[in-house]
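For reference, the chains in residue letters:
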Amino acid sequence: MPTFVYMTRCDGCGHCVDICPSDIMHIDKTYRRAYNIEPNMCWECYSCVKACPQNAIDARGYADFAPLGHSVRALREEAKGTISWKIKFRDGREKDFVSPIRTTEWGSIPSPADLERPSAEAMKSQELAHEPDALKISGGLPTLRPDQLKREVV
Ligand code: SF4
Ligand code: SF4
């Protein structure tokens, strides 16, 4: 499920419109409230959820921390340096946790054009460009060995 906006919370400030990399958060001209114009194109990147000062946007959490059928709300508090997450499950349970805001200095990420061209061998690799170095993982990404797989699957 992509993002959706609680109209009674939204004040139409437009921060979500400015930050959305998919350009799908728009302000409704009649109601002056934000809405997701193309849910199918939502990356679920959470940029708008974190940027919203009114805490007006809910989104789906990734399956690695919350299964289907729930909503996720995130509150970004710059002064405290934290993002507070609230996950609401369909059965009424709620889980709250807090994570630090991770900041990357502006301009510190090189553009692909600044990086060395991958070799022909690297182009055939399953790893993305500049992995695992860019992930700061020594010895490569962890992979399953054949003896860790179920029998007959190999
Ligand atoms: Fe745009 Fe990301 Fe928000 Fe989806 S989650 S509406 S892609 S900013
Ligand atoms: Fe509304 Fe929040 Fe978007 Fe501002 S950032 S327009 S309050 S949904």
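Residues numbered from 1 in each chain as written. Chains lettered and ligands numbered in written order. Predicted model: local features only at pLDDT ≥ 70, side-chain atom pairs only at ≥ 80, totals over all residues. Heavy atoms only, no water.

Draft legend 1. Local environment of the site of ligand 1. Close contacts around ligand 1 come from 13 residues, with Cys-20, Cys-42, Trp-43, Cys-45 and Cys-48 the closest. Applying the majority rule of atoms within 2 Å of the grid points places ligand 1 in the second largest cavity. The residue inventory of the shell around ligand 1, partitioned by class, reads nine nonpolar, three polar and one charged. (Near = heavy atom within 4 Å. 1 Å grid on protein atoms, 1.4 Å probe; cavity = no way out; pocket = protein on both sides within 12 Å on 5 of 7 lines; lining within 4 Å. Sits in = over half its atoms within 2 Å of the grid points. Nonpolar A, V, L, I, M, F, W, Y, C, P; charged D, E, K, R; others polar.)

Draft legend 2. Broad picture of the site of ligand 2. Inspection of the region around ligand 2 gives 14 residues, with Cys-10, Cys-13, Gly-14, Cys-16 and Cys-52 positioned closest. Of the pockets mapped on this structure, ligand 2 occupies the largest cavity. In terms of residue class, the shell around ligand 2 is built from nine nonpolar, four polar and one charged.

Draft legend 3. Layout of the domain arrangement of the chain. For the chain, the domain assignment lists domain 1 (3-100) and domain 2 (112-143). Here domain 1 and domain 2 have C-alpha centroids that lie 32 Å from each other. (Domains from an automatic or database assignment.)

Draft legend 4. Looking closely at the pairing of strand S7 (residues 94-100). Bridge count between strand S6 (residues 82-89) and S7: seven bridges; the pairing is antiparallel. Counted as the bridge partner of Lys-86 is Asp-96 from S7. What sits between S6 and S7 in their antiparallel hairpin is a turn of four residues, with Gly-92 showing a positive phi close to 95°. (Pairing = 2+ DSSP bridges. Helix = DSSP H or I, 4+ residues; strand = E, 2+ residues; numbered from the N terminus.)

Draft legend 5. Local environment of the sheet that holds S6. Overall, antiparallel pairing links the five strands, which are arranged S1-S4-S5-S6-S7 in an open sheet. Lying at the two open borders of the sheet, with one neighbouring strand each, are strand S1 (4-5) and S7. As judged from the two bridges shared by S1 and strand S4 (residues 57-59), these two strands associate in the antiparallel manner. Its bridge partner lying in S4, Phe-4 is registered against Asp-58.

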